[in-house]
Amino acid sequence: MFKRIQAVLFDLDGTLIDSAPDLGAAADKMRTDRGLPSLPLERYRSMAGAGARGMLGVAFGMTPEHPEFQVLREEFFANYERCMTERTLVFEGVAELIAELVGQARPWGVVTNKSSRFTLPLTAGMPLFATAAAVVSGDTTPHSKPHPAPLLEAARRIGVEPARCVYVGDDERDIIAGKAAGMGTVAATYGYLGPQTDIGQWQAQAAINSPLQLLKLLADA
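Anyway, here's the lowdown on the structure attached to this text. (Residues numbered from 1 in each chain as written. Predicted model: local features only at pLDDT ≥ 70, side-chain atom pairs only at ≥ 80, totals over all residues. Heavy atoms only, no water.)

### Quick look at the side chain of Arg106
Just so we agree on the cut-off: Secondary structure elements are taken from DSSP: a helix is a run of H or I of four residues or more, a strand is a run of E of two residues or more, and numbering for both begins at the N terminus. Polar contacts here mean pairs of N or O atoms no more than 3.5 Å apart (in protein, one a potential hydrogen donor and the other a potential acceptor; neighbouring residues in sequence count only if both atoms are side-chain atoms). Here, residues are in contact when the closest pair of their heavy atoms is within 4.5 Å.
With respect to the secondary-structure elements, Arg106 resides in the loop between α5 (94-103) and β4 (108-111). Polar contacts involving the side chain of Arg106 include one to the main-chain carbonyl oxygen of Ile5, which spans 2.8 Å. Ignoring sequence-local partners within four residues, the contact set of Arg106 consists of Ile5, Gln6, Ala7, Val8, Leu101 and Leu218.

In structure tokens, the structure reads:
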């Protein structure tokens, strides 16, 4: 299935790192600043993959169509910018996975829809990303996922043909983008996916329930 794979690309939030605690804290501060009661982290966690839209939806029941959405989104961004590495952790097994890829001389990179305003300081502040051969943000190319442009840019930076890359992500947009880029696709089910998510509809080539399962997929190819 993954024969001749030379490089591995990953989504960021929900795939490599658990940023839900900081995302939730940024939104929850907006509630408490307005005299509203704090909400438990688990209320925010399931929507962490949706960024500001998800966090403001949980905190205030607000959609992007709300007239105040843009203003509150910028307030959320400012809060998140101040706390984005305070509680964020690498998912269990990810550090070992990356170390093994590095040991195999298999380049790896990140392709996220997160803005470079956050991606660059976040990855610079976490030792895990010191060996990443490429970090592509949502605003690196004119299009973000599910468009294939960010994935193709990452492959170009790494110097590997897209067909020799596999993309791992926890959102249907990741799988759509990976397919459109001509890459192998793996759905990560251990991040923010709720029990109602039917990943079978994504039609990824494979699914993993833990980061280290990716090594077996690559070894069996």
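### A short note on the environment of Phe10
With respect to the secondary-structure elements, Phe10 resides in strand β1 (residues 7-10). In this structure the C-alpha to C-alpha distance between Phe10 and Tyr167, which are 157 residues apart in sequence, comes to 5.6 Å. Discounting residues that sit within four places of it in the chain, Phe10 has contacts with Thr15, Leu16, Leu97, Ile98, Leu101, Trp108, Gly109, Val110, Val111, Tyr167, Val168 and Leu214.

### So, unusual backbone geometry
Residue Lys145 is joined to Pro146 through a cis peptide bond whose omega torsion reads 20°. As for its placement among the helices and strands, Pro146 is situated in the loop between β5 (134-136) and α7 (149-158). Despite not being glycine, Arg4 shows a phi value in the positive range, around 70°. Structurally, the position occupied by Arg4 is in the segment before β1.

### With respect to the packing of aromatic side chains
Our working definition: By convention, a stacked pair of Phe, Tyr or Trp rings (six-membered ring in the case of Trp) has centres within 6.5 Å and planes under 30 degrees apart, an edge-to-face pair has planes over 60 apart, and any other such pair is tilted. Only protein chains enter the accessibility calculation, which uses a 1.4 Å probe; a residue whose area is less than 20% of its type maximum is buried, one above 50% is exposed, and one in between is partly exposed.
Applying the stated criterion across every chain, the model contains eight aromatic pairs. Measuring from centroid to centroid gives 6.2 Å for Phe10 and Trp108, while their planes differ by 70°, and the two rings are edge-to-face. A residue pair is termed long-range when its members are at least 10 positions apart, and Phe10 in strand β1 and Trp108 in strand β4 qualify at 98 residues. For the residue pair Phe10 and Trp108, the accessibility class agrees, reading buried in each case. Ring-pair connections join several aromatic residues into one group, and the members of that group are Phe76, Phe77, Tyr80 and Phe118.

### Here we look at the pattern of salt bridges
As a reminder, the rule being used: Any carboxyl oxygen of Asp or Glu that lies within 4 Å of a side-chain nitrogen of Lys or Arg is treated as forming a salt bridge with it.
Considering all chains together, one arrives at 14 salt bridges under this definition. Lys29 is the salt-bridge partner of Asp33, the closest N and O atoms lying 2.9 Å from each other. Separated by four residues within a single helix, Asp33 and Lys29 lie in helix α1 (residues 20-33), roughly one turn from each other. Residue classification places Lys29 among the partly exposed residues on the basis of a relative accessible area of 39%. With a shortest N-O distance of 3.5 Å, Arg87 and Glu86 are connected by a salt bridge. For Arg87, a relative accessible area of 37% translates into the label partly exposed. Exposure remark for Glu86: the relative accessible area of 54% places this residue in the exposed category.

### Thoughts on helix α4 (residues 69-83)
Quick reminder of the rule: Multiplying 1.5 Å by the residue count of a helix minus one yields the expected span of that helix. Arc, as used here, means the arc of the directions from the helix axis to the C-beta atoms.
Given a rise of 1.5 Å per residue, 15 residues ought to cover 21 Å, and the 21 Å separating the end C-alpha atoms of α4 matches this to within 8%. Here α4 has its buried residues at Phe69, Leu72, Phe76, Phe77, Asn79, Tyr80 and Cys83. For α4, the angular spread of buried residues about the axis comes to 165°, placing them on one side. Pointing more than 90 degrees away from the buried face of α4 are the exposed residues Val71 and Arg82. Summarising the contacts, the buried residues of α4 are in contact with α1, α3 (51-60) and α6 (116-124).

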